[in-house]
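Chains, contacts and geometry: an overview
Given next are the chains, with one letter for each unit.
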Amino acid sequence: MDNQPYTQSLLLYAYQSSASALVQVLRESGHSAIKPKHGAVFANIDAEGTRPSILAERAGIGKASMGELIDELERLGYVRRSHDPNDRRAKLIVATDAALAVIRIVHDFNQRLEDQYRRLLGAQAYESLRSSLQAISPRENLQPRIPRQRS
């Protein structure tokens, strides 16, 4: 095993490659302000909106960090704050049409990436990779929250 990269490094390199390709696709689609860090919001927001504290919990980041991401995405026009109908003191973060467009692009990109993995690895190895990653993933309630919309 000497001189072999750690599995964690391989996972990181695979993520970095796909994140870079996704940013390029978003840039080409007119969403050049979107960065990988914004995925913490896009991947964890519900269709009807989500409280900031829930977004932070789902993303595994602090409330202050999530607040900064929300502020940034609100300035860019991707989310808006709305009153929570169940609690007048609370706010919901709601995806705008621009955010829904990004989410559609991400869904399409990820589907193409899944197809690429399946072709590259073959069906059996692809399914083995997926089940192995699910086995080592500590999360049970996985994203995305807003399902792919059929156009």
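Everything below is about the structure printed above this text.
Residues numbered from 1 in each chain as written. Predicted model: local features only at pLDDT ≥ 70, side-chain atom pairs only at ≥ 80, totals over all residues. Heavy atoms only, no water.

Observations concerning the pattern of salt bridges
Under the criterion given, the structure shown has 9 salt bridges. In this structure, the salt-bridge partner of Arg-51 is Asp-84, at a minimum N-O distance of 2.8 Å. A residue pair is termed long-range when its members are at least 10 positions apart, and Arg-51 in the loop between α2 (39-42) and α3 (52-59) and Asp-84 in strand β1 (residues 79-84) qualify at 33 residues. Asp-84 sits in the buried class, given a relative accessible area of 6%. Across the salt bridge formed by Arg-51 and Asp-87, the nearest N and O atoms sit 3.7 Å from each other. Within this pair, whereas Arg-51 is found in the loop between α2 and α3, its partner Asp-87 is found in strand β2 (residues 87-95), the two being separated by 36 residues in sequence. Since its relative accessible area comes to 30%, Arg-51 is described here as partly exposed. A relative accessible area of 18% means that Asp-87 is categorised as buried. Each of the salt bridges in this network shares a partner with another, and the network as a whole consists of Arg-51, Asp-84, Asp-87 and Arg-89. (Salt bridge = Lys/Arg side-chain N within 4 Å of Asp/Glu carboxyl O. Helix = DSSP H or I, 4+ residues; strand = E, 2+ residues; numbered from the N terminus. Buried < 20%, exposed > 50% of the residue type's maximum accessible area, 1.4 Å probe, protein only.)

Details of the pairing of β2
By the bridge criterion, 6 bridges tie β1 to β2 in an arrangement that is antiparallel. What sits directly across from Val-79, in β2, is Ala-95. Hairpin connection of β1 to β2: 2 residues between the antiparallel strands. (Pairing = 2+ DSSP bridges.)

Comments concerning the packing of helix α1 (residues 7-28) against helix α5 (residues 97-121)
Helix-helix packing is characterised by the crossing angle of the two axes and by the distance between the axes. At a minimum axis separation of 10 Å, α1 and α5 run at an interaxial angle of 135°. With respect to α5, the axis of α1 lies oblique. Two packed elements cross with a definite hand, and for α1 against α5 that hand is right-handed. On α5, the residues that touch Ser-18, Ala-21, Leu-22, Val-25 and Leu-26 of α1 are Val-102, Ile-105, Val-106, Phe-109, Arg-112, Leu-113 and Tyr-117. Across the contact of α1 with α5, the residue classes tally to 10 nonpolar, 1 polar and 1 charged. (Axes fitted to C-alpha atoms, helices over the stretch in contact; angles between N-to-C directions. Parallel < 35°, antiparallel > 145°, perpendicular 65-115°, else oblique. Left-handed = near helix turned anticlockwise from the far one by under 90°. Contact = heavy atoms within 4.5 Å. Nonpolar A, V, L, I, M, F, W, Y, C, P; charged D, E, K, R; others polar.)

These figures capture arrangement, not role.
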